[in-house]
Amino acid sequence: EALFDKMGLPHRKKTKSGWSTDAETLESLREYSPVIDTILLYRTYQKLNATYVEGLLKLIGPDGRIHSTFNQTEARTGRLSSNEPNLQNIPIRTELGSRLRKFFTAPGGQVLADADYSQIELRILAHISGDGAMLQAFRDGEDIHKATAARVNGVPLKMVTPQMRSSAKAVNFGIVYGIGAYSLSKDIGVSVKEANQFIQNYLDSFPGVRGYMEKAVAFGEAHGYVETLYGRRRPLPELASSNRNIHALGERIALNTPIQGTAADIIKLAMIRVWQRLRSEGLQARLVLQVHDELIVEAPEAEADAVCALLKEEMEGAAQLAIPLQTDVHTGRNWLEAKG
């Protein structure tokens, strides 16, 4: 009523209770009134407060800790999932959301060590596809998104703009999810035609990736499943469907599962290696959380350096790919500090 009747802002779609004020609608109205930004910010605070402040406070156990349940077989890709509460979706991408990680603190005399695989899925893509340019960029220690932007745009590395890098990053991460021109156009703010051209330029620049994509879908159609580098299979009945949308979903899963599934296998192997090493060296430190590509260990301050070295060694040694795995390890009194 306030926005559309009193202020006369243009309305978009209608719901049962009246004109919609969902996030997409509000985003499209930003230019019309400064109040839209305030409403969106209020909603952000409201959601963070309800889910991560009031929600988590209710779940603190008698020992002052929050205990989640980890599921081994819930996610189809093989990733661990977490629920009641889900500790794998504590925000990190926004400055406001990431502040919530300060809630998670180490007890007195201890620190949290956070070890994160650097771009593991892209490294696995480079390994599986055997693409020479991508492998070389990793071997040379280049910023992979910058290197991609340089190749796709046909410019030297030093001429890559932040915008070019940002677009290349969206394609790098989206390509293994079978990103289409429409989704990419939304992500990087260009027309569908320009996004489609960008994808074609990308695949021309990395022919090994194009080859992997074609082979992955063909294998799935021929065998009815795809598999990770470790031979863990995921059935794909979607690829036998005559429904175009279902078949397209099957194609996206066929592209993504060998990559994300292999990453899930590697982090589980890393967890086992870290746990065994902590035990064999008689350390008091213990693994407290896994968030997909990230392991968090709680350690006495005196063990911090040893634990950081151990985490890096065992995580990077968990798989031998055509290019080495890389981890970033930091410590802190709380989870936000430990993210470095």
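Scroll up for the structure.
So, how was this worked out
- Residues numbered from 1 in each chain as written.
- Predicted model: local features only at pLDDT ≥ 70, side-chain atom pairs only at ≥ 80, totals over all residues.
- Heavy atoms only, no water.
- Helix = DSSP H or I, 4+ residues; strand = E, 2+ residues; numbered from the N terminus.
- Contact = heavy atoms within 4.5 Å.
- Areas by Shrake-Rupley, 256 points an atom, 1.4 Å probe, with all protein chains shown as cover.
- Lys, Arg positive; Asp, Glu negative; His and termini not counted.
- Charge placed at Lys NZ, Arg CZ, Asp CG, Glu CD.
- 1 Å grid on protein atoms, 1.4 Å probe; cavity = no way out; pocket = protein on both sides within 12 Å on 5 of 7 lines; lining within 4 Å.
- Points joined across faces, edges and corners; volume = space filled by probe spheres on them.
- Nonpolar A, V, L, I, M, F, W, Y, C, P; charged D, E, K, R; others polar.

K.L.:
What am I meant to see in the overall build of the chain here?
P.N.:
Within the chain, the regular secondary structure consists of 14 helices and ten strands. Along the first, second and third principal axes, the C-alpha atoms of the chain reach 65 × 50 × 45 Å. In the chain, of all internal contacts separated by at least 6 residues, the share reaching a separation of at least 24 is 57%. Carbon together with sulfur atoms contributes 51% to the accessible area of the chain, which is approximately 18,400 Å² in total. Positive and negative charge centroids in the chain, built from 40 and 40 side chains respectively, lie 4 Å apart.

K.L.:
Looking at this structure, how should I read the layout of surface pockets?
P.N.:
Picture a little ball the size of a water molecule; that probe, rolled over the atoms, points out where space is still empty. When its volume is computed, the largest pocket comes out at roughly 1,300 Å³. If you go around the largest pocket, you meet 35 residues; those closest to its centre are Ile-92, Arg-93, Arg-101, Glu-294 and Lys-339. Where the lining of the largest pocket is concerned, the elements lending two or more residues are helix H3 (35-57), helix H4 (95-98), strand S5 (110-117), helix H5 (120-129), helix H8 (162-175) and strand S10 (327-332). Residue composition of the lining of the largest pocket, grouped by class: 13 nonpolar, ten polar and twelve charged. Size it by volume and the second largest pocket reaches roughly 670 Å³. Lining the second largest pocket are 24 residues, and of these Arg-65, Ile-66, Leu-87, Phe-104 and Thr-105 lie nearest its centre. Secondary-structure elements contributing two or more residues to the lining of the second largest pocket are H3, strand S8 (286-291) and strand S9 (294-300). No other element matches H3, which puts four residues into the lining of the second largest pocket.

Function-wise, these values are silent; they only describe arrangement.
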